[in-house]
Amino acid sequence: MVARLVSAPFTRFLYQKWKGFSREVSSRELVRRARGAATVMTALTPPSAVKRVLLVVAMEQEVRPLVQRFGLEQIQPSPFLRGAPFVAWMGEVEGLVLHVVWCGRDPRFGNVNNVATTAASVCLYAAVAAFGAPDLCISAGTAGGFASSGARVGDVYLSSKCVFHSRRIPDAAGHLEEYGFGHYRSPPLGKLASHIGVKTGVVSTSDSLDAVPMDLELMRSEGTSIKEMEAAAVAWVCQTLSVPFVALKSVTDIVDGPRATREEFEANLEAASLVLQVKTDALLRAVAGTLLAQWANDGSRTAPAAPAAPAAPAAPAAPAAPAARRATDGTDGTTTTATNNSAPPPAAEAPRAIPTVVDSSSSSVAMSIGPDGQSFEVLRV
Ligand code: SAH
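Along each chain, residue indices are assigned from 1 in the same order as the chain's sequence is written. In keeping with the predicted nature of the model, local features appear solely for residues at pLDDT of at least 70, side-chain atom pairs appear and are counted solely at 80 or more, and the whole-chain, interface and lining totals rest on all residues. By convention in this description, side-chain values take in all heavy atoms of the structure and omit both hydrogens and water.

(A) Main features of the overall build of the chain. Counting its secondary structure elements, the chain contains eleven helices and 14 strands. Buried positions account for 54% of the 381 residues belonging to the chain. Secondary structure elements follow DSSP: runs of H or I no shorter than four residues count as helices, runs of E no shorter than two count as strands, and numbering proceeds from the N terminus. Accessible area is worked out with a 1.4 Å probe on protein chains only. A residue is then buried under 20% of its type maximum, exposed over 50%, and partly exposed in between.

Here it is as structure tokens:
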């Protein structure tokens, strides 16, 4: 609501004022960061096949379809410390050992889901401590999407990197400022995105469902496609523990669209969770037993020009992105549009066709999954 009341020039003023605290980044610092990024890239795609995957999910509405689809067994007694609200399931998918953890509920506030960063990061840490480090960790859930970067309700995204947009820590050296953003890179998985029919983009995290003008400004400066409340927190834990990490997010609402976020989110939560279920299944079957490096971008990566942003009340006009930020983390922030029938998978198995019906000016979706459990239609209503 605040976003709707504050003008774009005022937002720019706030942003410039905030940026004014930080300094220009020296070329030596840029080289140091580039070296760091190269080291991180090696850790992103370890030379061992994916045999164990850990999914962390914030909401019961998101996790139930996954538990059901994969026939998972709840791990009992709870593997977590007494009092921890987290719930864990385990199963097997295509030879993969799959652990799924849900952040549970908070009885102090009407048993709401433990959404947002604190619960997600502690839950993931506790799960790794209990089950050991997986070959891949996925923050799976629903999210807001930016129409200005091509997102539509019912789309699913894989993260190219995750950032925080509400950790503003200006400092003279610029280290804390960039630490605040985080810049957690996901393995390059463009071929995987094409294979399973999802898009890729920057995922931006904060503890709020809404966004104040400066949040929107910072998300734009990072080329954000997806806004949600857990991914970067989980990514930080994964980076710290050297666990490859990617976010898989299904769009419930359009951040720079005309509908109120909560209303749109609630209207689409069930359908988007079903789309998430189908894409999670496709992802797990694809990566099972493969090297993540096999799913890197293959040169066919396309970065279509984002369609012009429709005039939307919640979105202030985007200024030019701050050049320093793009230059320091080594990513280009582009969004890759995936198709269902492009690159073949590296695994021996034939690619599975997952038809996705996408078209729409409308912002509500319904899902219909075919009798094979794989094909589905996203119906825009
Ligand atoms: N109504 C819910 C809480 C929703 S919080 C309840 O009662 O439990 C929103 C959740 O969906 C978070 O887990 C967040 O990651 C995701 N999400 C969906 N759309 C979002 C958006 N536009 N901004 C931020 N998070 C969003």
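(B) Main features of the pairing of strand 7 (residues 136-145). Of all ten residues in strand 7, ten are buried, a share of seventy percent or more. Where strand 1 (residues 52-57) meets strand 7, four bridges bridge the pair, whose relative direction is parallel. The residue bridging Leu-55 from the neighbouring strand is Ile-138, located in strand 7. Sheet topology places strand 7 next to strand 12 (residues 245-254); nine bridges connect them, and they run parallel. In this analysis, strands are considered paired if DSSP registers two or more bridges between them.

(C) Region of the structure containing the environment of Ser-204. Relative to the helices and strands, Ser-204 is located in strand 10 (residues 199-205). By relative accessible area, Ser-204 is classed as buried at 1%. Sequence-wise, Ser-204 and Glu-222 are 18 residues apart; in three dimensions their C-alpha atoms are separated by 8.5 Å. Among residues more than four places away in sequence, those in contact with Ser-204 are Val-163, Phe-164, His-165, Met-219, Thr-224, Ile-226, Lys-227 and Glu-228. We call two N or O atoms a polar contact when they sit within 3.5 Å, provided that within protein one can donate a hydrogen and the other can accept it, with sequence-adjacent residues counted only if both atoms are side-chain atoms. A distance of 2.8 Å separates polar atoms of two side chains, one belonging to Ser-204 and the other to His-165. Two residues form a contact once any of their heavy atoms are found within 4.5 Å.

(D) Representation of the site of the ligand within the structure. Any residue with at least one heavy atom within 4 Å of a molecule or strand is counted as near it. In the vicinity of the ligand lie 18 residues, with Asn-113, Lys-227, Met-229, Glu-230 and Asp-253 positioned nearest. A distance of 3.2 Å is found between a nitrogen atom of the ligand and a backbone nitrogen or oxygen belonging to Gly-144. One of the side-chain nitrogen or oxygen atoms of Lys-227 is found 2.8 Å away from a nitrogen atom of the ligand. In the complex, the protein chains occlude 91% of the 570 Å² of accessible area that the ligand would expose alone. Lys, Arg, Asp and Glu make up the charged group, whereas Ala, Val, Leu, Ile, Met, Phe, Trp, Tyr, Cys and Pro make up the nonpolar group; the residues left over, Gly among them, are polar. In terms of residue class, the shell around the ligand is made up of seven nonpolar, six polar and five charged. What sets the accessible areas is the Shrake-Rupley method with a 1.4 Å probe; for residues, cover comes only from the shown protein chains.

(E) Inspection of the nonpolar core at higher detail. Buried Ala, Val, Leu, Ile, Met, Phe, Trp, Tyr and Cys residues that are joined via side-chain atoms within 4.5 Å together make up what is termed a nonpolar core. Counting residues in hydrophobic clusters, the biggest one holds 40 residues, and the most contacted among them are Phe-80, Val-101, Leu-124, Cys-137, Cys-162, Val-234 and Phe-245. Broken down by element, the residue count for this core peaks at eight residues, all from helix 5 (residues 117-131). Once residues lying within four places of it in the same chain are set aside, the contact partners of Phe-80 are Phe-86, Val-87, Ala-88, Val-101, Ala-126, Ala-127 and Phe-131. Judged by nonpolar contacts, the second largest core, of 38 residues, contains Phe-70, Leu-98, Leu-192 and Val-246.

(F) Quick peek at unusual backbone geometry. Residue Pro-77 is reached from Gln-76 by a cis peptide bond, and omega for that bond is -5°. Turning to its location among the elements, Pro-77 is positioned in the loop between strand 2 (73-74) and strand 3 (87-93). Even without a glycine there, the phi angle at Asn-111 is positive, about 60°. Along the chain, Asn-111 falls in the loop between strand 5 (105-106) and strand 6 (112-113). Its relative accessible area of 40% is what places Asn-111 among the partly exposed residues.

(G) Inspection of helix 8 (residues 213-221) at higher detail. Along helix 8, nine of the nine residues are buried, which leaves the element largely enclosed by surrounding structure. All of the buried residues along helix 8 are Pro-213, Met-214, Asp-215, Leu-216, Glu-217, Leu-218, Met-219, Arg-220 and Ser-221. Following helix 8 by one or two positions, Gly-223 has its phi on the positive side, about 65°.

(H) Expanded view of the environment of Ser-48. Residue placement: Ser-48 occurs in the loop between helix 3 (27-44) and strand 1. For the pair Ser-48 and Leu-291, spaced 243 residues apart in the sequence, the C-alpha separation amounts to 6.1 Å. Look past the residues within four positions of Ser-48 in its chain and what remains in contact with it is Asp-135, Thr-290 and Leu-291.

(I) Representation of a nonpolar patch on the surface. On the surface, a nonpolar cluster with roughly 300 Å² of combined accessible area is contributed by Leu-176, Tyr-179 and Trp-236. With respect to the helices and strands, Trp-236 occurs in helix 9 (residues 231-240). Think of a patch as exposed residues, more than 30% relative accessible area, with no salt bridge, where like charges cluster within 9 Å and nonpolar side chains (Val, Leu, Ile, Met, Phe, Trp, Tyr) cluster within 5 Å. Counted as salt bridges are all cases of a side-chain nitrogen of Lys or Arg within 4 Å of a carboxyl oxygen of Asp or Glu.

(J) Geometry of the pairing of strand 8 (residues 156-164). Burial analysis of strand 8 places eight of its nine residues in the buried class, which makes it a mostly covered element. Of the strand pairs in this sheet, strand 8 and strand 12 are connected by three bridges, and their pairing is antiparallel. The residue bridging Tyr-157 from the neighbouring strand is Lys-249, located in strand 12. The pairing of strand 8 with strand 10 spans seven bridges and is classified as parallel. In the strand pairing of strand 10, Ser-159 is matched with Gly-201. One ladder, built from two bridges, connects strand 8 with strand 9 (residues 184-185); its direction is antiparallel. Each residue of the ladder has a partner; that of Cys-162, found in strand 9, is Tyr-184.

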